[in-house]
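Notes for the structure review
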Amino acid sequence: MPDACFCEQVRQNGDAQPSNAVSSLGFVAVGLLLIVRRPKGDGLPGPYNWVYGLSLVLIGWGSAFYHLTLSFVGQVTDVLGMYLLVSFAVLVSLTKLWSLSGRKFVLLYMGVNLLLLALQVEVPLFRRFVFALLVVSVLSVEYIIRQRGMGSASLVQLKRALTLFAVGFAIWILDFTRLVCKPGSWLQGHAVWHVLGAIAAFFLYKHYACGYQGG
């Protein structure tokens, strides 16, 4: 068991980091909301909606499992969740450039994430570099789409998502470096990052849904 995995105190008996684990379920809540109550008229087409919703559910459960166990398997599921979200953003944008069908998108999405999973298990030290590369890919593809006039005219939802991610990441850094830290408290910076990330994921969904509705 590590002794310095984010600020929250590591419990030696029972759940390792309950606050960080419970807050991860925010992703599960948003994912189930999108699956069960798909926005009428402004949601993503069926296959994309299901993939995104299920991905958020897996992100939440993977993160919760990691913070409950602080194991290598937990780390793999946690990072895979991050890959699931960012790879979706890359591929759903590429469907505009490549005109992929829903079925081909799902197969490509599964194949890419199986490859990312294998890479993470075999070379775990590269996991953050791979994630950074995926983030750069998201921004690059979005830029190309807009240069070709194929994107949504509005960036409101994307700006909301990016703002929440940025604020959450700043809090993540404060927590990880222990600049702001109270180990025994239930109010943890990393937990706040989870909650903001889940809300940002919802706005990111709205951004891509707007793109499919033509604005």
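These figures come from a predicted structure and were not determined experimentally.

Bringing the packing of aromatic side chains into the picture now. According to the stated counting rule, one finds 12 aromatic pairs in the structure shown. Here the aromatic rings of Tyr52 and Phe88 are separated by 4.8 Å at their centres, their planes lie at 55°, and the arrangement is tilted. Here Tyr52, found in helix 2 (residues 46-69), pairs with Phe88, found in helix 3 (residues 72-98); they are 36 residues apart in sequence, far enough to count as distant. Assessed through its relative accessible area of 1%, Tyr52 is described here as buried. We classify Phe88 as buried; its relative accessible area is 1%. Ring geometry for Trp172 and Phe176: centres 5.0 Å apart, planes at 10°, overall stacked. Highlighted residues: Trp172 and Phe176, both in helix 6 (residues 156-176), separated by 4 residues, approximately one helical turn.

Space inside the largest pocket adds up to approximately 1200 Å³. Surrounding the largest pocket, 39 residues form its lining, Met82, Val86, Phe131, Phe169 and Trp193 being those nearest its centre. Within the residue set of the lining of the largest pocket, elements represented by two or more residues are helix 2, helix 3, helix 5 (127-147), helix 6 and helix 7 (189-212). The element best represented in the lining of the largest pocket is helix 5, accounting for 10 residues. Within this model, the second largest pocket holds a volume of roughly 160 Å³. Mapped onto the lining of the second largest pocket, the elements with two or more residues apiece are helix 6 and helix 7. Counting residues per element, the lining of the second largest pocket draws most heavily on helix 6, which supplies 3 residues. Along the lines of polarity and charge, the residues of the lining of the second largest pocket split into 7 nonpolar, 2 polar and 2 charged.

All right, on to the packing of helix 3 against helix 5 then. Between helix 3 and helix 5, whose axes approach to 9 Å, the crossing angle comes to 20°. Regarding the angle of helix 3 to helix 5, the classification is roughly parallel. Where helix 3 crosses over helix 5, the handedness of that crossing is left-handed. When helix 3 is examined against helix 5, the residues Gln75, Val79, Met82, Tyr83, Val86, Ala89, Val90, Ser93, Leu94, Lys96 and Leu97 are found in contact with a partner set consisting of Arg127, Val130, Phe131, Leu134, Val135, Ser137, Val138, Val141, Glu142, Ile144 and Ile145. Residue composition of the contact of helix 3 with helix 5, grouped by class: 16 nonpolar, 3 polar and 3 charged.

What counts, and where the lines are drawn
Residues numbered from 1 in each chain as written. Predicted model: local features only at pLDDT ≥ 70, side-chain atom pairs only at ≥ 80, totals over all residues. Heavy atoms only, no water. Phe/Tyr/Trp six-rings, centres within 6.5 Å; stacked < 30°, edge-to-face > 60°. Helix = DSSP H or I, 4+ residues; strand = E, 2+ residues; numbered from the N terminus. Buried < 20%, exposed > 50% of the residue type's maximum accessible area, 1.4 Å probe, protein only. 1 Å grid on protein atoms, 1.4 Å probe; cavity = no way out; pocket = protein on both sides within 12 Å on 5 of 7 lines; lining within 4 Å. Points joined across faces, edges and corners; volume = space filled by probe spheres on them. Nonpolar A, V, L, I, M, F, W, Y, C, P; charged D, E, K, R; others polar. Axes fitted to C-alpha atoms, helices over the stretch in contact; angles between N-to-C directions. Parallel < 35°, antiparallel > 145°, perpendicular 65-115°, else oblique. Left-handed = near helix turned anticlockwise from the far one by under 90°. Contact = heavy atoms within 4.5 Å.

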